[in-house]
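These are the residues of each chain, in order.
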Amino acid sequence: MGKPVAVGASVGLLQELDELNRRTWRADDVQIARWRQEAAELDAPLETSAQFGFSIFHALARESVRRKLPMTLDY
């Protein structure tokens, strides 16, 4: 037997990420893309790192929904 895994829906994840954005930054798609392109330095402030991480996760979730493909998170 393998390890148990948690399963969720990419559609739900994207909705939750959008809600997080609405409650915090209220960034539009252009700004979110800018965070991803600008990246974050290793010693960047927490807010900058959070925005960078959010932008990557948001892009992956959006692509998963668009292509109707699962996202596998392995950590």
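Refer to the preceding data block for the structure.
Predicted model, so just to flag it, every value in this text is computed and none were measured.

A. Representation of the nonpolar core in the model. Within the largest apolar cluster, eight residues are counted, these being Leu13, Leu14, Leu17, Ala27, Ile32, Trp35, Phe54 and Ala61. Secondary structure elements with two or more residues in this core: α1 (10-23), α2 (29-38) and α3 (46-67). Sequence-distant contacts of Ala27, that is, excluding residues within four places in its chain, are made with Asn21, Ile32 and Trp35.

B. Here's a closer look at the pattern of salt bridges. The tally for this structure, following the rule as stated, stands at five salt bridges. For the salt bridge of Glu19 with Arg22, the shortest nitrogen-to-oxygen distance reads 3.0 Å. A residue pair is termed a helical-turn pair when its members lie 3 or 4 positions apart in one helix, as Glu19 and Arg22 do in helix α1 at three residues. A salt bridge links Arg67 to Glu63; the shortest N-O distance between them is 2.4 Å. One end of the pair, Arg67, and the other, Glu63, are both in helix α3, four residues apart, so they sit about a helical turn from each other. Arg67 sits in the partly exposed class, given a relative accessible area of 49%. Overlapping salt bridges, with partners in common, bring together Glu19, Arg22 and Arg23 in one network.

Cut-offs applied
- Residues numbered from 1 in each chain as written.
- Predicted model: local features only at pLDDT ≥ 70, side-chain atom pairs only at ≥ 80, totals over all residues.
- Heavy atoms only, no water.
- Core = buried A, V, L, I, M, F, W, Y, C linked by side-chain atoms within 4.5 Å.
- Buried < 20%, exposed > 50% of the residue type's maximum accessible area, 1.4 Å probe, protein only.
- Helix = DSSP H or I, 4+ residues; strand = E, 2+ residues; numbered from the N terminus.
- Contact = heavy atoms within 4.5 Å.
- Salt bridge = Lys/Arg side-chain N within 4 Å of Asp/Glu carboxyl O.

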